[in-house]
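Residue-level listing of the chains:
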Amino acid sequence: MSEQEQKPLPEVDLSKPPAENMVRVTFQPENKTVEFPFGSLPYDGHGQPMSILDVAENYGIFLDHACGGVSACTTCHIFLKEGEKGVSEAEDLELDRLDLAPGLQLNSRLGCQCVIEKPGTYVAEIPAWNKNYVQEGKPATGVKS
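Residues numbered from 1 in each chain as written. Predicted model: local features only at pLDDT ≥ 70, side-chain atom pairs only at ≥ 80, totals over all residues. Heavy atoms only, no water.

With that settled, the discussion passes to the nonpolar core. Val 25, Phe 27, Phe 36, Ile 52, Val 55, Leu 63 and Ile 116 are the most contacted members of the largest nonpolar core, which totals 28 residues. For this core, the secondary-structure elements that each account for two or more residues are strand S1 (22-28), strand S2 (32-37), helix H1 (52-58), strand S3 (77-82) and strand S5 (120-125). Among the elements that line this core, the one with the most residues is H1, at four residues. Sequence-distant contacts of Ile 116, that is, excluding residues within four places in its chain, are made with Val 23, Val 25, Phe 38, Met 50, Ile 52, Val 55, Gly 86, Val 87 and Tyr 122. (Core = buried A, V, L, I, M, F, W, Y, C linked by side-chain atoms within 4.5 Å. Buried < 20%, exposed > 50% of the residue type's maximum accessible area, 1.4 Å probe, protein only. Helix = DSSP H or I, 4+ residues; strand = E, 2+ residues; numbered from the N terminus. Contact = heavy atoms within 4.5 Å.)

Dropping the structure here:
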């Protein structure tokens, strides 16, 4: 669990593009945006380093990952809505797993395998039907009682 999980997310000026050498990731539908210098994110141990899941974990943004981010399930299934040219290509292991994911789209990726490879703007949508509101060890976010 990262230290930033305890603090509110820093403000990001969305009226301007990210500065040179910066990575900006927006998670929808929560509209939570984080920004950091490329290559500066500490690896939090979930998914590949600099993956969408790794970014989410570093900033305390909930992206379910039942298998721990090793591409053994599809719970971290996302729709990459922006930034496809700046991320790693899906490899066979990810593609085979995605074949089992519900709601598959052309922009479907596993958050644990979708690695940010260069600075830029990225938008990841977490499908509403893919949210697990009962987790062990972490509270669900966005659940209204």
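This paragraph deals with the side chain of Arg 109. Within the secondary structure, Arg 109 sits in strand S4 (residues 108-110). Polar side-chain contacts of Arg 109 include one of 2.7 Å to the backbone oxygen of Ser 88. Filtering out sequence-adjacent residues up to four positions away, Arg 109 remains in contact with Cys 76, His 77, Ile 78, Leu 80, Val 87, Ser 88, Glu 89, Ala 90, Glu 94, Leu 98 and Cys 114. (Polar contact = N/O pair within 3.5 Å; in protein donor to acceptor, adjacent residues only side chain to side chain.)

With that out of the way, let us pick up the packing of aromatic side chains. Both the distance between ring centres and the angle between the ring planes are used here to describe each pair of aromatic rings. Summed over all chains, the structure comprises one aromatic pair. On the numbers, 6.1 Å between centres and 25 degrees between planes, the contact of Phe 36 with Tyr 59 is stacked. With Phe 36 in strand S2 and Tyr 59 in the loop between H1 and S3, this pair connects stretches of sequence that are 23 residues apart. (Phe/Tyr/Trp six-rings, centres within 6.5 Å; stacked < 30°, edge-to-face > 60°.)

What follows covers the pairing of S2. With six bridges connecting them, S1 and S2 associate as antiparallel partners. The residue bridging Met 22 from the neighbouring strand is Pro 37, located in S2. In this antiparallel pair of consecutive strands, S1 and S2, the connection spans three residues, and Asn 31 shows a positive phi of 55 degrees. (Pairing = 2+ DSSP bridges.)

Our focus in this paragraph is the confidence of the model for the protein. When pLDDT is averaged across the protein, the result is 86; 83% of the residues are at 70 or more. A low-confidence stretch, residues 1-5 stays under pLDDT 50, and its non-local contacts, those more than four residues away or across chains, total 10 contacts. Under a pLDDT of 50 for its full length, residues 139-145 has, in the predicted model, seven contacts with residues more than four places off or in other chains. (pLDDT = per-residue confidence, 0-100.)

Further remarks concern the pattern of salt bridges. Tallied over the full model, the rule gives four salt bridges. For Glu 125, the salt bridge goes to Lys 81, with nearest N and O atoms at 3.5 Å. With Glu 125 in strand S5 and Lys 81 in strand S3, the pair connects residues that are 44 residues apart, well separated along the chain. Judged by its relative accessible area of 45%, Lys 81 is partly exposed. The residue Arg 109 makes a salt bridge to Glu 94 at a minimum N-O spacing of 2.8 Å. Remark: Glu 94 occurs in helix H2 (residues 92-98) and Arg 109 occurs in strand S4; sequence separation between them is 15 residues. Take Arg 109 and Glu 94: they sit in the same class, and that class is buried. (Salt bridge = Lys/Arg side-chain N within 4 Å of Asp/Glu carboxyl O.)

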